[in-house]
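What follows is the residue order along each chain.
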Amino acid sequence: MGMSGYTANGVIEMAKKKVTSVPTSLKFPILDIPKEGFHLHCDVGQDDLLLTSDEGRIVDSLHLDCDVCHSPDGVCVKGTLSGTIIRECVRCLGEYLEMMVLPCLGLFQGEQTKIESATVVLDEEFPDVGFEQIEDIYPCQDGLIELDLMLREQFILETPIQRLCQPDCRGLCQQCGTNLNQSSCDCADTVNFSPMVAALQQLKKHL
Ligand SMILES: [Zn+2]
Ligand SMILES: [Zn+2]
């Protein structure tokens with residue numbers, strides 16, 4: 001029993017020290033943010049972002065991973081929103097999956113501190129972040145941070161207008177609706193032999 005002297009006491013002591021109740025959802029009072037800031041990770045669903053299926057359908061849920069900290073100009077949020085989205089191709093109307101890792105950055109400000117943008121110096125807690133020029137400013141109404149509003153806006157701005165299942169999607173045949181990625185049709189040939197084209201060719205001969 002060489003290892004029986006091991007106890008987990010040290011680990012438990014450390015765990016006790018770390019227990020503080022920090023927010024775990026997308027909306028939380030500014031007063032709940034600890035002085036030193038905190039790391040938030042939580043699931044984000046279709047309803048949280050009020051997304052229509054045109055804007056994208058979330059598979060299961062997205063995952064938000066972000067740092068929330070106080071700065072002289074407001075509450076700074078920086079992180080990523082990641083997961084899988086089902087999108088509809090604008091050419092062939094087929095559905096395809098998109099893996100998304102969306103960087104999110106924003107500053108929440110109360111009514112007293114209305115400014116256009118801010119350079120926030122994040123402290124040594126976030127050494128990889130450093131200086132940030134933040135242009136996305138969100139209101140902090142009734143002392144509440146509403147991350148869902150920020151995430152919705154940044155998600156929609158990132159949604160491509162030309163959503164394609166593949167860069168060279170061949171789309172649907174205008175005549176018969178065949179998905180030209182999957183099979184071909186005779187419509188293009190038929191056009192050449194249509195009565196209209198034949199008549200024009202006849203006419204040309206006589207000119
Ligand atoms: Zn397509
Ligand atoms: Zn066709």
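Structure first, text after, so check above.
Calculation notes
Along each chain, residues carry numbers from 1 onward, in the same order as the chain's sequence is written. Chains carry letters and ligands carry numbers; both start at the beginning, A for chains and 1 for ligands, and go up in the order they are written. For this predicted model, a pLDDT threshold of at least 70 governs which residues receive local features, and a threshold of 80 or more governs which side-chain atom pairs are given and counted, while totals over whole chains, interfaces and linings are taken from all residues. Heavy atoms throughout the structure, all of them, feed into the side-chain values; hydrogens and water do not. We call a set of buried Ala, Val, Leu, Ile, Met, Phe, Trp, Tyr and Cys residues a nonpolar core when their side-chain atoms join them within 4.5 Å. Think of it in three bands: residues with accessible area under 20% of the maximum for their type are buried, residues over 50% are exposed, and the middle band is partly exposed, with areas taken using a 1.4 Å probe on protein chains only. Helix and strand definitions here come from DSSP, where helices need a minimum of 4 consecutive H or I residues and strands a minimum of 2 consecutive E residues; each element is numbered from the N-terminal end. Contacts are assigned to residue pairs that have any heavy atoms within 4.5 Å of one another. A pairing counts as a salt bridge when a side-chain nitrogen of Lys or Arg comes within 4 Å of a carboxyl oxygen of Asp or Glu. The criterion for an aromatic pair is that two Phe, Tyr or Trp rings (for Trp, the six-membered ring) have centres within 6.5 Å, with stacked assigned to planes under 30 degrees apart, edge-to-face to planes over 60 apart and tilted to the rest. Only four residue types enter the tally: Lys and Arg on the positive side, Asp and Glu on the negative side, with His and both chain ends excluded. Any pair of nitrogen or oxygen atoms within 3.5 Å is treated as a polar contact; in protein, a donor-acceptor pairing is required on top of that, and neighbouring residues in sequence qualify only through side-chain atoms on both sides. The rule for donors is simple: an N, O or S atom within 2.8 Å of the metal counts, and for Na, K and Ca the reach is 3.2 Å. Water is not among the atoms, so a site may look short of donors. Only two sets of limits are used to name each site, 85 to 135 degrees for every angle of a tetrahedral four-donor site, and over 155 degrees for opposite donors with all other angles from 65 to 115 for a square planar four-donor or octahedral six-donor site, with any other site named irregular.

Draft legend 1. Seen up close, the nonpolar core. Within the largest apolar cluster, 29 residues are counted, with the highest numbers of intra-cluster contacts made by Leu 64, Leu 81 and Leu 147. Those elements giving two or more residues to this core turn out to be strand 2 (38–44), strand 4 (62–71), strand 5 (74–88), strand 6 (95–109) and helix 2 (147–158). With residues near it in sequence (within four places) discarded, Leu 64 still touches Leu 26, Leu 40, His 41, Cys 42, Val 44, Thr 80, Leu 81, Leu 147 and Leu 151.

Draft legend 2. Summary view of the pattern of salt bridges. Going through the model one piece at a time under the given rule, you end up with 5 salt bridges. Close ionic contact of Arg 152 with Glu 55 constitutes a salt bridge, the shortest N to O distance being 3.8 Å. Separated by 97 residues along the polypeptide, Arg 152 in helix 2 and Glu 55 in the loop between strand 2 and strand 3 (57–58) bring together distant segments of the chain. A salt bridge links Arg 87 to Glu 98; the shortest N-O distance between them is 2.5 Å. With a gap of 11 residues between them, Arg 87 in strand 5 and Glu 98 in strand 6 connect regions that are remote in the sequence. Connected through shared salt-bridge partners, Lys 27, Glu 146 and Asp 148 make up one network.

Draft legend 3. Seen up close, the environment of Met 100. With respect to the element layout, Met 100 can be found in strand 6. Counting along the chain gives 15 residues from Met 100 to Ile 85, while the straight-line C-alpha distance between them is 7.1 Å.

Draft legend 4. Structural view of the packing of aromatic side chains. Overall, the coordinates contain 2 aromatic pairs when judged by the stated rule. For the ring pair Phe 28 and Phe 38, a centre distance of 5.7 Å and an interplane angle of 75° mean the geometry is edge-to-face. You can see Phe 28 sitting in strand 1 (residues 27–29) and its partner Phe 38 sitting in strand 2, a full 10 residues away along the chain. For Phe 38, a relative accessible area of 6% puts it in the buried group.

Draft legend 5. Geometry of the side chain of Asp 67. Along the chain, Asp 67 turns up in strand 4. Buried within the structure, Asp 67 lacks any salt-bridge partner; its nearest side chain of opposite charge belongs to Lys 78, at an N-O separation of 8.2 Å. At a separation of 2.8 Å, a polar atom in the side chain of Asp 67 contacts the side chain of His 39.

Draft legend 6. Structural detail: the coordination of the zinc ion (ligand 1). For the zinc ion (ligand 1), the protein coordination sphere consists of Cys 89 (SG), Cys 92 (SG), Cys 165 (SG) and Cys 169 (SG), at 2.3 to 2.4 Å. With a relative accessible area of 4%, Cys 169 lands in the buried category.

Draft legend 7. Broad picture of the coordination of the zinc ion (ligand 2). The protein atoms that coordinate the zinc ion (ligand 2) are Cys 173 (SG), Cys 176 (SG), Cys 185 (SG) and Cys 187 (SG), at distances of 2.2 to 2.4 Å. Geometry at the zinc ion (ligand 2) is tetrahedral, judged from its 4 donor atoms and the angles of 104 to 114° they form at the metal. Donor residues for the zinc ion (ligand 2) sit on one chain with the sequence pattern C-x2-C-x8-C-x1-C. Of this pair, Cys 176 sits in the loop between helix 2 and helix 3 (187–192) while Cys 187 sits in helix 3, and the two are 11 residues apart along the sequence. With relative accessibility at 14%, the residue Cys 187 sits in the buried group.

Draft legend 8. Summary view of the environment of Glu 36. Within the secondary structure, Glu 36 sits in the loop between strand 1 and strand 2. Taking C-alpha positions, Glu 36 is 7.6 Å from His 70, a pair spaced 34 residues apart along the chain.

Draft legend 9. Spotlight on unusual backbone geometry. For Leu 50, which is not glycine, the phi torsion reads 50° and is therefore positive. Among the structural elements, Leu 50 can be located in the loop between strand 2 and strand 3. Leu 50 sits in the exposed class, given a relative accessible area of 61%.

These figures capture arrangement, not role.
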